[in-house]
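Each chain, written out:
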There are 2 protein chains.
Amino acid sequence: MTRKELIQAARGERPLDLLIRNANLINVFTCEIYPADIGIYGERFALTLPAGDCNLEAKQIIDASGKWAAPGFIDAHLHIESSMVTPANYAAAVLPLGTTTAIIDPHEIANVLGKNGVRYMLEASQDLPLRVYLTIPTCVPAVPGKETSGAAFNAEDIQEMLTWERVIAEGEVMDYWGVVNGDMRMQDIVEAGLRSGVTIQGHSPLLVGRELNAYAAAGIDNDHELREGEEGLQKLRAGILPILKLGSFGNHIRNILPTIQQVPFLEVALCTDDVHPHDILTKGHMDRVIREVIAHGIDPALAYRWASLVGARNYHLKDHGAVAPGYLADMVLLDSLKDVHVTDVFVNGQYIAQDGHLLQPIQEAPVAINAANSMRLQQPLLRETFTLQAPIDEGNVAVNIIAYEPNRLTHLETITVPVKNGNLQLAEIDEDLCFLTVVPRHGQTHPAQTVVLKGLGWTHGTLALTIAHDSHNLLVAGHDPQDMLLAAKALQDCGGGIALAHAGKLLGCVELPLAGLMSTKPVEKLAEEIGVVDKIARGFGIKATSPALATVGLTLLVAPHVRLSDTEGLFDTRNQKRVVIFPEF
Amino acid sequence: MTRKELIQAARGERPLDLLIRNANLINVFTCEIYPADIGIYGERFALTLPAGDCNLEAKQIIDASGKWAAPGFIDAHLHIESSMVTPANYAAAVLPLGTTTAIIDPHEIANVLGKNGVRYMLEASQDLPLRVYLTIPTCVPAVPGKETSGAAFNAEDIQEMLTWERVIAEGEVMDYWGVVNGDMRMQDIVEAGLRSGVTIQGHSPLLVGRELNAYAAAGIDNDHELREGEEGLQKLRAGILPILKLGSFGNHIRNILPTIQQVPFLEVALCTDDVHPHDILTKGHMDRVIREVIAHGIDPALAYRWASLVGARNYHLKDHGAVAPGYLADMVLLDSLKDVHVTDVFVNGQYIAQDGHLLQPIQEAPVAINAANSMRLQQPLLRETFTLQAPIDEGNVAVNIIAYEPNRLTHLETITVPVKNGNLQLAEIDEDLCFLTVVPRHGQTHPAQTVVLKGLGWTHGTLALTIAHDSHNLLVAGHDPQDMLLAAKALQDCGGGIALAHAGKLLGCVELPLAGLMSTKPVEKLAEEIGVVDKIARGFGIKATSPALATVGLTLLVAPHVRLSDTEGLFDTRNQKRVVIFPEF
């Protein structure tokens, strides 16, 4: 398609490729909804006119009477790795739901495979009908010097990757304390983004006041990591665009929107961030986010604007996010405005999905990824790897532990634990305690770290994962070192994934051979497998939306307030300092 | 200022340079207004906090109790040449009124001096406290092949100039019929802009329907040339951002806003486009536009948003247009929200103006401009230059004429005129008729063109101008060829400007030696001089807001519907065709 042909098609000097007639167009510029005819030529919209205004000629005509037409949904921030599938399988799952553009931050795979991981995501998303843009991970690892992952990106690495095709932003700047405290590395990384003129994604849970001002002054453009309404309000006012999230973790629509709704003029973008396979299938994707926004009283046309044009503009994506002449022809038809029920999906002017099904299967890109290398443990796994030696042989000892709270927060707690033969007797305490061990798996030579965890409802059993944000070392939680060893070995053998054990038996295993993070199976199949292990984990007493993934955030050193580091052990994330486990010793 | 220092200042680890306390901050992100303390470090805002929240340390503190703080006003489209002063003198006039950013299209001077003219505007605006961005004129001349000016820009010329510093857009694409009709030159020029990723300014009065869709499909981003409400609505819906204008010509706030106000979500930018010196001094600048917007019932905070952030974003000016951490510290204080009375102006963190006066005089940049060359007439000026020979010696003849309408429109009219000795006897008709002659002044060798004009109320006298959009040839209107010759010669001698004559006497002359368009005098002095000639022109019976400039648009071949071309004579601008003056011959 040349621009000249497009102009001719708009003027009627050349037949349209596709004409959608009588749709109720959701105009995201004016937030009006009115009956319109929509003409597509090549990969762009050629024109929109009041329905019936012109007798338009077209190669294909679709009558959309009774339906609404909206721009394809733009997910303004997400990690495909969180859905544990390849980009192709991700596209196959979300396209029929109306998500046509995904702005992905490949920082999970980057923490395991470095630039090769970013390159894999780029190549694997190259020719998909889903429009995929990349943000370059800025915090690999999230907190350098305090944890180790499979790679370390400095400003030069990032500068290089910012020149790659389809790269539009620096990914979430999670080390927000580094930025606010003037850490030189973060300074350099953010300035590389400023120099390149790309958008800079923020990530600063609970940041307010002068510190928030400092973060904004650094040049941060948006933030999808909000925990409180007042925080959201302060970010709005500071010019940091909130990207309200509803995925498998957190619900900003419920928790943040009611507070920020009070301002006279509200502009936000929307995202899913992390969605588990089962949630995509049962709850939806961006359609769900919009539905929830409308359910909270936002005018539907405005909600669709947030889900399209606002995100596009924040990332300087010209010609994206609207059904309008010259814009890329990404569009959904819906048979309900408020329930956001998508019936037809068009991308680049192509008819992609109908009634929840792809019209053509999506081919997996033939790109190489060195998965066999991702379980690079340098020390033999032993029973001792998973024990926490008490500083006394017998008696009681004070222990600093991670106490889990709802809303994915944690705090430090000190409890007293009986000791026998030098071993902590967690079972003797009437609390849901277990051990939590992180084992380096990226070729590091230092030993594993073990702490005590409380608050997940855990009564028995072991859960091992190679998903453990953000460094994705091997994370094993349980009560019995022997079971923990068993589950860990199972993952070492299969290239990573999720393994559960109890009483000397391996009870389940989901293989995630791509970097220990992603399956090669489609979303439906993977969701089934995870359903099985979720059920087992729930049987352990684990209380979480996805019990088999309950621990994945406990190693995230940029989340409040206390987490587990593979080099530091127990770690205070606010002060960025190691915490002694036995405060009396 | 380094970014690190800015962050430190935000955190309180380094004193602010300037602290504005207790201002009612107009937050253009949320459209809230609340008491705030505003901290500036170097050329940027470091922080804004609820008033009194922090005990901030600063080198200078200003108490703004009882005042409002808004981002400095961004004029989203204007021609400095229309104010007939240098960029330095323009800055001196508009800064105290709160305009801190001017997005200028130097297409008047480009039509006279070509790239040297653009370069002059760039250099002359280099170190001003006014933030000046350039758009590159796309239509030099406006309608190639149908008129001649002092230069002709092709796509390559424009591509080159798009790489110059402070260039952010392609200037108004006035040859909208060229774009819509697929004219190759305009196609190439617009595509050069698309390739460069810059904003592309539109200019398409009265364009609606399929033609408007075609114009939008070409990649046009905004349009400041609106004539009717319905047209404005259609542009909004097509994703072309309306830039509502209120300057010396036209009032979009009165004529367009009431219609487009009906949409649920309204986003527009604001501009002045062309403002005469007297109007700046007596009516205002962007302050006046905002005042008018508020008077039409728009929420004041939203009006200030339109005057700042909306324009900045349409031009991808990051960090411009808001009082927020990290943004460039361009700000105004006002002692009335709705009257938009500016008391204090800050640019780049510097205190620039107070109570209508600059705190430091603005220095004229020492840049070269070859003004002596701008009157390059190739043929001697004679009495005959200014006559329209009738095709008969005696009797009555039908004459096609330009009939002037209010709202700067014109139409073609045919009248019957008595002829004596081969001369049209305009005086014998009871209408406000006069002759209108355009004389090439850019080195062209073709003869002058003369037509008959009606509708300006003109009864006697001659008005000669070297301002005649957009080719700026020498335009002389009057009744007596001898007077017309006299006035034209006066301008040839002084390097261009405005000259008036009657009954063999030169009655007044305003010298505009810079390209025949601009004075070297300050706005106040020039306004005085123009006031004198306006009074004389009003005495001629000319009915126009600025009588001495009443004819400047009559050569504009991209304005509806009939105009005067220096090569074609009488010209139908819709069909882009010459019109015979004597239809019976």
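Quantities reported herein were computed from a predicted structural model and do not represent experimental measurements. Within every chain, residues take consecutive numbers counted from 1 along the sequence as written. The naming scheme follows written order: chains are lettered A onward, ligands numbered 1 onward. In view of the model being predicted, local features appear only for residues whose pLDDT reaches at least 70, and side-chain atom pairs are presented and counted only at 80 or more, with totals across whole chains, interfaces and linings using the full set of residues. Here the side-chain values reflect all heavy atoms present in the structure, with hydrogen atoms and water set aside.

*Asks:* Any chance you could explain the overall build of chain A here in plain terms?
*Replies:* Here a strand is any run of E in DSSP of at least two residues, a helix any run of H or I of at least four, and the numbering for each starts at the N terminus. Counting its regular elements, chain A contains 16 helices and 29 strands. Overall, the C-alpha framework of chain A stretches about 90 × 50 × 45 Å when taken along its three principal axes. Of all 585 residues assigned to chain A, the portion counted as buried reaches 66%. Between two residues, a contact is recorded if the distance between any of their heavy atoms is within 4.5 Å. Pairs at least 24 apart in sequence give 68% of the contacts found in chain A among residues at least 6 apart. Buried, partly exposed and exposed residues are distinguished by accessible area as a fraction of the type maximum, computed with a 1.4 Å probe on protein chains only: under 20%, between the cut-offs, and over 50%, respectively.

*Asks:* Help me understand the nonpolar core, please; the structure alone is not making it clear to me.
*Replies:* Nonpolar side chains in soluble globular proteins tend to end up buried together. In these notes, a set of buried Ala, Val, Leu, Ile, Met, Phe, Trp, Tyr and Cys residues joined through side-chain atoms within 4.5 Å is what counts as a nonpolar core. Counting residues in hydrophobic clusters, the biggest one holds 413 residues, and the most contacted among them are Leu424 of chain A together with Leu424 of chain B. Ignoring anything within four residues of it in the chain, the contact list for Leu424 of chain A reads Leu388, Ala390, Val397, Val399, Val417, Pro418, Val419, Phe435, Val452 and Phe582 of chain A.

*Asks:* Honestly, the pattern of salt bridges in this entry has me stumped. Any pointers?
*Replies:* By definition, a salt bridge exists where a carboxyl oxygen of Asp or Glu is found within 4 Å of a side-chain nitrogen of Lys or Arg. For the coordinates displayed, the defined rule picks out 50 salt bridges over all chains. Close ionic contact of Arg291 of chain B with Asp287 of chain B constitutes a salt bridge, the shortest N to O distance being 3.8 Å. Linking Arg291 of chain B with Asp287 of chain B, this pair stays in helix α13 (residues 286-295), spanning four residues, or about one helical turn. Measuring nitrogen to oxygen at the nearest pair gives 2.6 Å for the salt bridge that ties Lys454 of chain B to Glu413 of chain B. With Lys454 of chain B in strand β22 (residues 449-454) and Glu413 of chain B in strand β19 (residues 410-420), the pair connects residues that are 41 residues apart, well separated along the chain. Its relative accessible area of 15% is what places Lys454 of chain B among the buried residues. Linked through salt bridges whose partners overlap, the residues forming this network are Glu267, Arg305 and Arg313 of chain A together with Glu267, Arg305 and Arg313 of chain B.

*Asks:* Explain the sheet that holds strand β27 (residues 562-565) of chain B here, please?
*Replies:* The pairing of strands in a sheet comes from backbone hydrogen bonds and takes either a parallel or an antiparallel form. Strand order in this open sheet of three strands is β27-β28-β29 (chain B), and the pairing throughout is antiparallel. Of all the strands in the sheet, just β27 and β29 (577-578) of chain B have a single pairing partner and so form its edges. Pairing between two strands requires that DSSP report at least two bridges joining them.

*Asks:* Which parts of the structure should I look at to understand the interface of chain A and chain B?
*Replies:* The extent of an interface is frequently quoted as the accessible surface area lost upon association of the parts. Between chain A and chain B, the contact holds 55 residues from the first and 55 residues from the second. Note on terms: buried area is the combined drop in 1.4 Å-probe accessible area of two parts once they are placed together, counting the loss on both. Between chain A and chain B, a total of about 4900 Å² is buried, with carbon and sulfur atoms accounting for 53% of that surface. Looking at the side of chain A facing chain B, the largest losses of area belong to Arg11, Arg210 and Phe265 of chain A, adding up to 17% of the total buried there. Note that Arg11 of chain A and Glu211 of chain B form a salt bridge whose closest N and O atoms lie 3.2 Å from each other. Under the rule applied, a polar contact is a pair of N or O atoms within 3.5 Å (in protein, one hydrogen donor and one hydrogen acceptor; residues adjacent in sequence only if both atoms are side-chain atoms). At the junction of chain A with chain B, the criterion picks out 26 residue pairs in polar contact (both at pLDDT 80 or more). Those elements that provide at least two residues to the side of chain A that touches chain B are α1 (3-11), β2 (32-41), β3 (44-50), α6 (176-180), α7 (184-196), α8 (209-217), α9 (229-237) and α14 (300-314) of chain A. Ten residues, namely Ala, Val, Leu, Ile, Met, Phe, Trp, Tyr, Cys and Pro, are considered nonpolar, four, namely Asp, Glu, Lys and Arg, are considered charged, and the remaining ones, Gly among them, are considered polar. Its residues assigned to classes, the side of chain A that touches chain B shows 29 nonpolar, 13 polar and 13 charged.

*Asks:* Whenever I open this one, the packing of α7 of chain A against helix α1 (residues 3-11) of chain B confuses me. Can you help?
*Replies:* A pair of packed helices can be characterised by two numbers: the angle between their axes and the separation between those axes. Packing of α7 of chain A against α1 of chain B brings their axes to within 11 Å, and their N-to-C directions diverge by 115 degrees. Judged by the angle between their axes, α7 of chain A and α1 of chain B are roughly perpendicular. Taken as a pair, α7 of chain A and α1 of chain B cross one another with a handedness that is right-handed. On α1 of chain B, the residues that touch Met184, Gln187, Glu191 and Leu194 of chain A of α7 of chain A are Arg3, Lys4 and Ile7 of chain B. For the contact of α7 of chain A with α1 of chain B, a count of residues per class yields three nonpolar, one polar and three charged. An axis is simply a line fitted to the C-alpha atoms; with a helix, the fit covers only the stretch in contact. Between two such axes, the angle follows the N-to-C directions and lies from 0 to 180 degrees. We call two directions roughly parallel when the angle between them is under 35 degrees, roughly antiparallel when it is over 145, roughly perpendicular when it lies between 65 and 115, and oblique otherwise. A clockwise turn of the near helix away from the far one marks a right-handed crossing, whereas an anticlockwise turn of less than a right angle marks a left-handed crossing.

*Asks:* Help me out: how do you make sense of the state of the cysteines in this one?
*Replies:* One way to say it: the disulfide is the covalent bond shared by the sulfur atoms of two cysteines. Here, two cysteine sulfur atoms that lie within 2.5 Å of each other are counted as a disulfide. The final tally for this structure, using the stated rule, is zero disulfides over all chains. Sulfur of Cys271 of chain A: no disulfide; nearest cysteine sulfur belongs to Cys139 of chain A and is 17 Å away. For Cys271 of chain A, a relative accessible area of 0% translates into the label buried. Residue Cys31 of chain B stays outside any disulfide, its sulfur separated by 14 Å from that of Cys31 of chain A, the closest cysteine.

*Asks:* What's the story with the confidence of the model for chain A in this structure? I'm lost.
*Replies:* Per-residue pLDDT for chain A averages 96, and the proportion of residues at 70 or more is 99%. Overall fold confidence (pTM) sits at 0.93, and the ipTM for the predicted complex is 0.93. Every residue carries a pLDDT, the predictor's confidence in it, which falls somewhere between 0 and 100.

*Asks:* Before we go on, may I ask you to explain the packing of aromatic side chains in this structure?
*Replies:* For any pair of aromatic rings, the description consists of the separation of the ring centres together with the inter-plane angle of the planes. Each Phe, Tyr or Trp ring (for Trp, its six-membered ring) is paired with any other whose centre lies within 6.5 Å, and the angle between the two planes then decides the class: stacked below 30 degrees, edge-to-face above 60, tilted in between. Inspection of every chain in the model, using the stated rule, returns eleven aromatic pairs over all chains. When the ring of Tyr176 of chain B is compared with that of Trp177 of chain B, the centres are 5.6 Å apart and the planes differ by 35 degrees; the resulting orientation is tilted. Here Tyr176 of chain B falls in the buried class, since its relative accessible area comes to 5%. An aromatic cluster of at least three residues, connected via ring pairs, comprises Tyr176, Trp177 and Tyr215 of chain A.

*Asks:* Before we go on, may I ask you to explain the sheet that holds β19 of chain B in this structure?
*Replies:* Residues and elements named next belong to chain B. Read from one edge of the open sheet, nine strands run β20-β19-β18-β22-β21-β24-β23-β25-β26, paired in mixed fashion. With partners counted over all chains shown, the strands left at the sheet margins are β20 (423-424) and β26 (505-511), one partner each. Here four bridges tie strand β23 (residues 462-465) to strand β25 (residues 497-502), and the two strands are oriented antiparallel to one another. If you follow Thr462 over to β25, its bridge partner there is Ala501. Contacts between helix α15 (residues 481-494) and the sheet are confined to β21 (433-439), β23, β24 (474-478), β25 and β26, with β25 contributing the most and set at about 150 degrees to the helix. In the packing of helix α16 (residues 523-539) onto the sheet, contacts are made with β25 and β26, and the angle to β26 comes to roughly 150 degrees.

*Asks:* Looking at this structure, how should I read the relation of the copies chain A and chain B?
*Replies:* The operation linking the two copies of the chain is a rotation about an axis combined with a translation along the axis. In this comparison the copies share one frame, found by least squares on the C-alpha atoms of residues holding pLDDT of at least 70 in both. Mapping chain A onto chain B calls for a rotation angle of 180 degrees and an axial translation of 0.0 Å; the resulting RMSD is 0.1 Å. Such a turn and shift between the copies fits a two-fold axis. No C-alpha of chain A approaches the rotation axis more nearly than that of His316 of chain A, which lies at 3.9 Å. A share of 100% of interface residues in chain A that are also interface residues in chain B marks the association as one of identical surfaces.

*Asks:* Explanation requested: helix α2 (residues 87-94) of chain A in the structure shown.
*Replies:* An α-helix turns once every 3.6 residues. As a result, residues three or four positions apart point the same way. Residue and element names in this part refer to chain A. Among the eight residues in α2, seven count as buried, and that is most of the element. Buried residues of α2: Pro87, Ala88, Asn89, Tyr90, Ala91, Ala93 and Val94, and no others. Of the surrounding secondary structure, the elements contacted by the buried residues of α2 are β6 (73-78), β7 (99-104), α4 (115-124), α12 (277-282) and α16 (523-539).

*Asks:* Could you clarify how one ought to interpret unusual backbone geometry in this entry?
*Replies:* Excluding glycine, residues mostly carry a negative phi; peptide bonds, for their part, are mostly trans. Omega for the peptide link from Val140 of chain A to Pro141 of chain A comes to -5 degrees, which places this bond in the cis form. Here Pro141 of chain A is to be found in the loop between β8 (131-136) and α5 (155-161). The backbone of Asp355 of chain B shows a phi angle near 45 degrees, a positive value even though the residue is not glycine. Turning to its location among the elements, Asp355 of chain B is positioned in the loop between β16 (350-354) and β17 (357-358). Overall, the relative accessible area of 52% leaves Asp355 of chain B in the exposed class. A positive phi angle, close to 65 degrees, is found at Ala515 of chain B, a residue other than glycine. With respect to the helices and strands, the residue Ala515 of chain B is situated in the loop between β26 and α16.

*Asks:* Help me understand the packing of α13 of chain B against helix α14 (residues 300-314) of chain B, please; the structure alone is not making it clear to me.
*Replies:* All names here are of chain B. Look at α13 against α14: their axes get within 9 Å of each other, and the N-to-C directions meet at 145 degrees. Between α13 and α14 lies a crossing of right-handed hand. On α14, the residues touching Met286, Ile290, Val293 and Ile294 of α13 are Pro300, Ala303, Tyr304, Trp306 and Ala307. Here the contact of α13 with α14 is composed, by residue class, of nine nonpolar, no polar and no charged.

*Asks:* It is not clear to me how the environment of Gly117 of chain A should be interpreted in this structure. Could you clarify?
*Replies:* Tracing the backbone shows Gly117 of chain A in helix α4. Gly117 of chain A sits 220 residues away from Leu337 of chain A along the chain, and the two C-alpha atoms are 39 Å apart.

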